[in-house]
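# Overview (structure and organization)
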Amino acid sequence: MKIALRVAKLLACLALAAAGAAWAQNPAANYPNKPVRWIVPFPPGASNDLIARLIGQKLTDAWGQQFVIDNRAGAGGSVGAETVARAAPDGHTLLLSNPGPSVNNVLMRKNPLYRINDFTPAVWIGYAPLIIVANPSFPPKNGKELVDYAKANPGKVNWGSSGPGSSLHIGLAVFQAATGIDVVHVPYKGAAPALTDVVGGQINLMYTTTVTGEAQIKAGRIKVLGVADAKRTPVLPEVQTLAEQGIRNAEANVWFGMSAPAGTPRSIIDKLNREVNRVLDLADVRQRLDQLGLVVAGGTSEKFDAFIKSEAGRLAKLIKIGAVQVE
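So, how was this worked out
Residues numbered from 1 in each chain as written. Predicted model: local features only at pLDDT ≥ 70, side-chain atom pairs only at ≥ 80, totals over all residues. Heavy atoms only, no water. Salt bridge = Lys/Arg side-chain N within 4 Å of Asp/Glu carboxyl O. Helix = DSSP H or I, 4+ residues; strand = E, 2+ residues; numbered from the N terminus. Buried < 20%, exposed > 50% of the residue type's maximum accessible area, 1.4 Å probe, protein only. Core = buried A, V, L, I, M, F, W, Y, C linked by side-chain atoms within 4.5 Å. Pairing = 2+ DSSP bridges. Contact = heavy atoms within 4.5 Å. Axes fitted to C-alpha atoms, helices over the stretch in contact; angles between N-to-C directions. pLDDT = per-residue confidence, 0-100. Expected span 1.5 Å × (residues − 1). Arc of directions from axis to C-beta. Phe/Tyr/Trp six-rings, centres within 6.5 Å; stacked < 30°, edge-to-face > 60°. Lys NZ or Arg CZ within 6 Å of the ring centre and 35° of its normal.

### Remarks on the pattern of salt bridges
Any two side chains of opposite charge can pair if their charged atoms end up close together. Per the stated rule, a full pass over the model turns up 15 salt bridges. For the salt bridge of Arg-37 with Asp-70, the shortest nitrogen-to-oxygen distance reads 3.4 Å. Separated by 33 residues along the polypeptide, Arg-37 in strand β1 (residues 36-40) and Asp-70 in strand β2 (residues 67-71) bring together distant segments of the chain. For Arg-37, a relative accessible area of 28% corresponds to the partly exposed category. Where Lys-309 meets Asp-305, a salt bridge forms, and the shortest distance between an N and an O atom there is 3.3 Å. Of this pair, Lys-309 and Asp-305 both sit in helix α11 (residues 301-320), four residues apart, which is roughly one turn of the helix.

Here's what the structure looks like:
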């Protein structure tokens, strides 16, 4: 009997060792083996949140493990991003990557809570051009009239954003550099609360995306003054780009992706990349993203990594010329 027990324990140990060796060779073989927390570093209701929930549900359906969308707002996205940077690199805590927490907050702070290389890019989901939206009572009807109005009323126009260092804040900085206007920047803890105040008239206007502003635009609670992209968005084909209105060098967008903590096994990154790319090709997902005005990117993790580095270089140039201040 004792010999049988010893043999059983030995076999169990060998099985565990074999399982451990298999995991070491291919950590993705049994991934995910518990719920995955996908942290969105902004409040519910805005573009980051909507995109994560759409894709997260498809991943839940495919893998049978819940992709829990965890909204961790604060400090322009830094609170949520730091949570991911400090998480175990096993693929069960992910970040909805966005320019604010992924690049801007890192380069704009003298003592950032984390670094760009604290994350491993998994896949670039896509980007959405920024649009200028205003309360219907705000006098300007387009971007050109906005510039004229702001110059005639320096320091009296209130322009909201989703927080210091956010893509909406950087978009404003680019617009000011291109036009020379003087406006009051009003930072919020996300795009959704800022948009609420534009609708309510507490602030005049803000940059946002068609993803975030869709419902309010359709309801006529806000008006769109211009599109900050090289071409018009199919979602609002009647709205001119800023370039069409004579405002040059003011292009700005917000991009979205999925990243994991640095050190996450390559096989898990590859598995996430393949599955998200598959989801992005689904007809119903593509249709919904098109409706929201998102330009789908997809591609390899290397493609996303190169894009993030190029965005960091672009911001560094803005900081160098003084268009954006380092805190």
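### Digging into the nonpolar core
Core analysis: the largest hydrophobic core is formed by 71 residues, its most contacted members being Ile-125, Trp-159 and Phe-175. Among the elements that line this core, the one with the most residues is helix α9 (residues 266-280), at six residues. Core analysis: the next-biggest nonpolar cluster, separate from the first, contains 14 residues, Met-108, Ile-170, Trp-255 and Leu-318 among them.

### Quick word on the sheet that holds strand β4 (residues 119-129)
Neighbouring strands of a sheet are bound in pairs by backbone hydrogen bonds; such pairs are parallel or else antiparallel. Taken in spatial order, the six strands line up as β2-β1-β3-β10-β4-β11 in an open sheet, and their pairing is mixed. One side of each edge strand has no neighbouring strand; the edge strands of this open sheet are β2 and β11 (295-296). Both β1 and β2 contribute to a ladder of five bridges, which runs parallel. Looking across to β2, one finds that Trp-38 is bridged to Ile-69. Taken strand by strand, helix α3 (residues 78-85) contacts β1, β3 (93-97), β4 and β10 (253-261), and its axis lies near 145 degrees from that of β3.

### Description of the confidence of the model for the chain
Of all residues in the chain, 92% have pLDDT values of 70 or greater, and the mean over the chain is 90. Throughout residues 11-23 the model reports pLDDT below 50, and contacts reaching past four residues in sequence, or to other chains, amount to zero contacts.

### Observations concerning α11
Residue pairs spaced three or four apart in an α-helix point in one direction, given the helix's 3.6 residues per turn. Between its first and last C-alpha, α11 extends 29 Å over 20 residues, near the 28 Å set by a 1.5 Å rise per residue. Turning to α11, its buried residues number three or more, namely Ser-301, Phe-304, Phe-307, Ile-308, Glu-311, Ala-312, Leu-315 and Leu-318. What you see down the axis of α11 is that its buried residues fit within an arc of 140 degrees, all on one side. Set apart from the buried face of α11 by more than 90 degrees, the exposed residues are Lys-309, Lys-317 and Lys-320. If you follow the buried residues of α11, they end up packed against β3, α4 (99-107), β4, α6 (167-179), β10 and α9. Within two residues after α11, Gly-322 carries a phi angle of roughly 85 degrees, on the positive side.

### Here's the deal with the packing of aromatic side chains
Scanning the model with the defined rule gives ten aromatic pairs in all. Measuring from centroid to centroid gives 5.9 Å for Tyr-31 and Trp-63, while their planes differ by 70 degrees, and the two rings are edge-to-face. Here the residue Tyr-31 occupies a position in the loop between α1 (2-25) and β1, and Trp-63 occupies one in helix α2 (residues 47-63), the gap between them amounting to 32 residues. You'll find Tyr-31 and Trp-63 in the same group, each marked buried. Ring geometry for Phe-175 against Tyr-207: centres 6.4 Å apart, planes inclined by 85 degrees, an arrangement best described as edge-to-face. Pair noted here: Phe-175 is in helix α6 and Tyr-207 is in strand β8 (residues 205-208), with a separation of 32 residues, a long-range link. Overall, the relative accessible area of 0% leaves Tyr-207 in the buried class. Here the basic side chain of Lys-271 rests over the ring of Trp-63, its NZ or CZ set 5.6 Å away from the ring centre.

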